[in-house]
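Structural overview for review
The chain contents come next:
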Amino acid sequence: MRHGDGQPVSIVQAHGLTIHIDRHEGTVLSGTGPDGKPYEVIQKGDYGFLPDVTGDDGEGYDVYLGNEPEVERVFIVTQVRADSGKYDEQKAMLGFRTKADAEGLYKAHTHPDMFGRIGALSLAAFRRQLDEHKESGAKVFRAETDEDAEEMADLTDYENGPASEPEPPSNPSPEST
């Protein structure tokens, strides 16, 4: 099996998921960046996609594989467009011990202006979200990280306004009895 650009595709089982790897560690990638400058990058880890889940680009949901298969945490990079800073798509980072490790590998492969943010969730929550997505029939999958959930809770609190203080009990004054 080959990717559209001729790269060989390997099918691997990792973290309980079927992943198609189309950029193997050591692959040399070259082209023209969003800034118009030529680039050449050596792939520092396996990169591929979940074939049965569609990402924002209309193709399989993108995945980077780290070298820590026992890690039960998934980091989600939100990629933005280098020219506008607007949302582009997500990348799942599986097999990374720390957020810094996942972010470092991502940044080693992309233009610096394309990094939006990184969040995390448990592997179990990520797989549950994937299952719910598949059952729903929704077209595009977007993972919700722990940070997304906290941000939504903060937004809800903001929209609902401050919690009101309970009214003090009305006790008749001693003179009125």
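Please refer to the structure placed before this passage.
Summary of the structure given here. (Residues numbered from 1 in each chain as written. Predicted model: local features only at pLDDT ≥ 70, side-chain atom pairs only at ≥ 80, totals over all residues. Heavy atoms only, no water.)

1. Some remarks on the overall build of the protein
Helix and strand counts for the protein stand at three helices and nine strands. Scanning the protein from its N terminus toward the C terminus, one meets helices and strands in the order β-β-β-β-β-β-β-β-α-β-α-α. Per-residue burial for the protein yields a buried fraction of 37% across its 177 residues. Looking at the protein alone, contacts between residues at least 24 apart form 54% of all its contacts between residues at least 6 apart. Carbon and sulfur atoms form 49% of the exposed surface of the protein, whose accessible area is close to 10800 Å². (Helix = DSSP H or I, 4+ residues; strand = E, 2+ residues; numbered from the N terminus. Buried < 20%, exposed > 50% of the residue type's maximum accessible area, 1.4 Å probe, protein only. Contact = heavy atoms within 4.5 Å. Areas by Shrake-Rupley, 256 points an atom, 1.4 Å probe, with all protein chains shown as cover.)

2. Focus on the pairing of strand 4 (residues 38-42)
Across five bridges, strand 3 (residues 28-32) lies against strand 4 in antiparallel orientation. Within strand 4, the residue paired with Ser 30 across the bridge is Glu 40. Remark: five residues form the turn of the hairpin made by strand 3 and strand 4, two consecutive strands paired antiparallel; Gly 36 in that turn has positive phi of roughly 85°. (Pairing = 2+ DSSP bridges.)

3. Re helix 1 (residues 99-107)
Within helix 1, the full set of buried residues consists of Ala 102, Leu 105 and Tyr 106. The buried residues of helix 1 occupy an angular sector of 100° when projected down its axis, which confines them to one face. Buried residues belonging to helix 1 abut strand 6 (60-65), strand 7 (73-80), strand 8 (87-94) and strand 9 (115-122). (Arc of directions from axis to C-beta.)

4. What about the pattern of salt bridges?
On inspection of all chains with the given rule, the structure shows eleven salt bridges. We note a salt bridge from Lys 91 to Asp 62, for which the minimum N-O separation is 2.7 Å. Note that Lys 91 is positioned in strand 8 and Asp 62 in strand 6, a separation of 29 residues in sequence. One exposure class covers both Lys 91 and Asp 62, and it is buried. A salt bridge links Glu 103 to Lys 107; the shortest N-O distance between them is 2.7 Å. Placement of the pair is Glu 103 and Lys 107 together in helix 1, with a separation of four residues, close to one helical turn. By sharing partners, the salt bridges in this structure join Asp 62, Glu 89 and Lys 91 into a single network. (Salt bridge = Lys/Arg side-chain N within 4 Å of Asp/Glu carboxyl O.)

Function cannot be read off these values alone, since they describe shape.
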